[in-house]
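Overview (structure and organization)
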Amino acid sequence: SLSPKEDALLDMLDGEYRGEKVVVYTKYRSWIDRLQWLTENGHFTERKFLRITGNENEKQRNENKRLFQDPNSADKSRHGAPVLMIQRTASRKRR
């Protein structure tokens, strides 16, 4: 089941903000992981989620930025306009 915040976000993405690119900031990477899992498994929305967290390497982050900024991204994707999920505080990797 969805939390009230998840439910509200997904309702806005497929309602009021349908067809619009959206950037979502959160400090919880686990929330990004959960939303990505929900969408990849066909639950609740068809929107494509792109992510920028401490887990992606520079190449992945740059590709996600490029995909989000592409003016034709909504037209080319069967998923509609993308949602960019950004973790506000990227985790630091310990050596």
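Now for a look at the structure at hand. (Residues numbered from 1 in each chain as written. Predicted model: local features only at pLDDT ≥ 70, side-chain atom pairs only at ≥ 80, totals over all residues. Heavy atoms only, no water.)

1. Some words on helix H2 (residues 29-40)
- Given a rise of 1.5 Å per residue, 12 residues ought to cover 16 Å, and the 16 Å separating the end C-alpha atoms of H2 matches this to within 8%.
- Here H2 has its buried residues at Trp31, Ile32, Leu35, Gln36, Leu38 and Thr39. What you see down the axis of H2 is that its buried residues fit within an arc of 160°, all on one side. Residues of H2 that are exposed and point over 90 degrees away from its buried face: Ser30 and Glu40.
- Those residues of H2 that are buried are in contact with helix H1 (4-14), strand E1 (22-26), strand E2 (49-52) and strand E3 (83-87). (Helix = DSSP H or I, 4+ residues; strand = E, 2+ residues; numbered from the N terminus. Expected span 1.5 Å × (residues − 1). Buried < 20%, exposed > 50% of the residue type's maximum accessible area, 1.4 Å probe, protein only. Arc of directions from axis to C-beta. Contact = heavy atoms within 4.5 Å.)

2. A look at the sheet that holds E3
- Spatially, E1-E3-E2 is the arrangement adopted by the 3 strands of the open sheet, whose pairing is parallel. Looking at strand neighbours, the two that pair on one side only are E1 and E2, the edges of this open sheet. Taking each pair of neighbouring strands and ignoring which way they run, the sheet shows an average axis angle of 20°.
- Sheet topology note: the E1/E3 ladder contains 5 bridges and is parallel. Residue pairing across strands places valine 22 opposite valine 83, the latter belonging to E3.
- Contacts from helix H3 (residues 58-69) reach E1, E2 and E3, with the element oriented near 140° to E2. (Pairing = 2+ DSSP bridges. Axes fitted to C-alpha atoms, helices over the stretch in contact; angles between N-to-C directions.)

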